[in-house]
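# Tertiary structure, described
The primary structure of each chain is shown beneath.
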Amino acid sequence: MKITIHAAPENTKTILDLAEEQGISVPCNCHGANVCGGRQYDFPCGLIPHSDITVSIPDKKRLTGIALAPASDKSIPPDTLLIDLGTTTVAMVFYHSTAKTVFHSITFENPQREYGADVISRIKYDVEFHNDYALKERIRSKISKVFGDFNSSQRNLSIQTCFIGGNTTMIHLLLGLPLNGMTGSPFTPHPYQDFSFSYNETDIYILPWLSAFIGGDITAGLLSLDFDQRTDTCLLADLGTNGELALLHNGTVLTASAAAGPAFEGGGLSCGCPAVTGAVSDFVWNPVMPRLKTIGNKLPTGICGSGAISILSELIKHGFLLSSGVLADTFPVNGLRISKTPSSGDILFTAADVRQMQLATAAIGAGIDTLCKQAHISVEQISRLYLAGGFGYHMDIEKAARTGLFSNIDTSQITSVGNSCLNGLAEISYRPDALSERVHHLQEQCLELVLADDEYFQKQFIQHMTYDSVSTR
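These notes cover the structure that comes with them. (Residues numbered from 1 in each chain as written. Predicted model: local features only at pLDDT ≥ 70, side-chain atom pairs only at ≥ 80, totals over all residues. Heavy atoms only, no water.)

The next subject is the environment of glycine 305. Counting through the fold element by element, glycine 305 comes out in helix H6 (residues 305–317). Glycine 305 gets classed as buried once you look at its relative accessible area, which sits at 2%. Along the chain, glycine 305 and proline 262 lie 43 residues apart, while their C-alpha atoms are 8.8 Å from each other. (Helix = DSSP H or I, 4+ residues; strand = E, 2+ residues; numbered from the N terminus. Buried < 20%, exposed > 50% of the residue type's maximum accessible area, 1.4 Å probe, protein only.)

Dropping the structure here:
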């Protein structure tokens, strides 16, 4: 397809960087170093244009999502602030609720990481030292500072409403609610109440959790996809350390959380990293010179979750990983070398990395199977799988399917929806008066399934650790 890359006369960025800023990812084997001599496309990958240029690239579905490709419109001042409060990062989007335009977006590290990188560590600290409210004050201060800094740089900024979505633990910490019930099974959150209030003339709405592991971020995502209104059979999957799953069938929303571990976010891997610039996001095995893609087309620095999925898929396809789920003797003892870092270090994918990815994909595949069994349907009856988050944005869907991640759902039925939390908050902002009724209806629809104690889940989990029925196309 043909695309137009916009560039100003004073531009100093390569055509690849400009395309990325427009929300179009153009794979390049040499990451803009122009090693290919311009043969990969009809333009040199190291080109620095100084005016608009129209080029041809392979036709590929372009994903949308308010947080993944926010096209800023500075002509319409925002009236709404949307906040996705994540365990690792926080995203703030200044948005106009009726014009539906993004004015500005900011992403920053959650300052609570000082007290632990995961929710378990933070729960433990907060329960032990609850009365000092350190985690509550840390996140509130950071949000206030980011908002204040942006507000001071603008003229006549008037934010009338603020919508916040986050996992159950993060919202507890934000509000200073006790987390004693979340320290162990049966994991009981604080009783839900209507968390809406006014602060400095801004109406603040905090999306409620549906269970201990299905938080307000998932609530927002479900509302953005109209799970409270539609009548078909569909599934939302938000894949991270906990793979949150929500299956709608016959008016009931079955929810579950599959403990996938940190591998989907690059954690726990020998050369793992988050989905940052330079992270390997796609990999094609070749015995002479493997081909890979990195985020931002920069020199590789590590392997993010989507890259690890791609590598696992290639191992299955090329016989490094047998149908039994065991590594073949041809797999290198020290791990498969994926690439070199800018400092000439090796980026490896080890046997331990393979195991981590097998466990993560098996947990999600088995979770999907178990929800379908509970709903008395086959996996094939799911008409649409919505894949949420940045993990799905960079992932090759066909390769992920080869690992069994989606069980037997046909890839033509899978749609990446970007940051479903922010998308949901944006949609809700248009009609905040309807929020309470929609949330109440969704809560009545939801039924939680605990996978840890489910015998069928355990059986399917073991099954998904093998690849007897996997295609090697």
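After presenting the structure, the write-up continues.
Our next topic: the packing of helix H2 (residues 119–128) against helix H4 (residues 168–175). Two elements in contact, H2 and H4, have axes whose closest approach is 10 Å; the angle formed by their N-to-C orientations is 30°. In this structure, H2 meets H4 at a crossing whose hand is left-handed. Across the interface between the two elements, Val119, Arg122, Ile123 and Asp126 from H2 touch Thr169, Met170 and Leu173 from H4. Of the residues belonging to the contact of H2 with H4, the class tally is 4 nonpolar, 1 polar and 2 charged. (Axes fitted to C-alpha atoms, helices over the stretch in contact; angles between N-to-C directions. Left-handed = near helix turned anticlockwise from the far one by under 90°. Contact = heavy atoms within 4.5 Å. Nonpolar A, V, L, I, M, F, W, Y, C, P; charged D, E, K, R; others polar.)

As a further point, take helix H10 (residues 420–430). For an α-helix the count is 3.6 residues per turn, leaving residues at separations of three or four pointing the same way. Most of H10 sits inside the fold, with 8 of its 11 residues counted as buried. Its side-chain oxygen 3.1 Å from the backbone nitrogen of cysteine 421, asparagine 419 forms the N-cap of H10. (Polar contact = N/O pair within 3.5 Å; in protein donor to acceptor, adjacent residues only side chain to side chain.)

Bringing the packing of aromatic side chains into the picture now. Taken as a whole, this structure holds 11 aromatic pairs when the rule is applied. Each ring, one from tryptophan 285 and one from phenylalanine 320, has its centre 5.3 Å from the other, and the planes form 90°; the classification is edge-to-face. Remark: phenylalanine 320 occurs in the loop between H6 and strand S15 (336–340) and tryptophan 285 occurs in the loop between strand S12 (279–284) and strand S13 (291–294); sequence separation between them is 35 residues. In this structure phenylalanine 320 comes out as buried when scored by relative accessible area, which is 8%. With 6.1 Å between their ring centres and 35° between their planes, phenylalanine 457 and phenylalanine 461 make a pair best called tilted. Of this pair, phenylalanine 457 and phenylalanine 461 both sit in helix H12 (residues 455–463), 4 residues apart, which is roughly one turn of that helix. For the pair shown, phenylalanine 457 and phenylalanine 461 are each scored as buried. By way of ring pairs, the aromatic residues Phe94, Phe103, Phe147 and Phe150 are connected into one cluster. The ring of phenylalanine 108 has lysine 142 lying over it, and the distance from NZ or CZ to the ring centre is 5.4 Å. In this structure, lysine 373 packs its charged tip against the face of tyrosine 456, placed 5.3 Å from the ring centre. (Phe/Tyr/Trp six-rings, centres within 6.5 Å; stacked < 30°, edge-to-face > 60°. Lys NZ or Arg CZ within 6 Å of the ring centre and 35° of its normal.)

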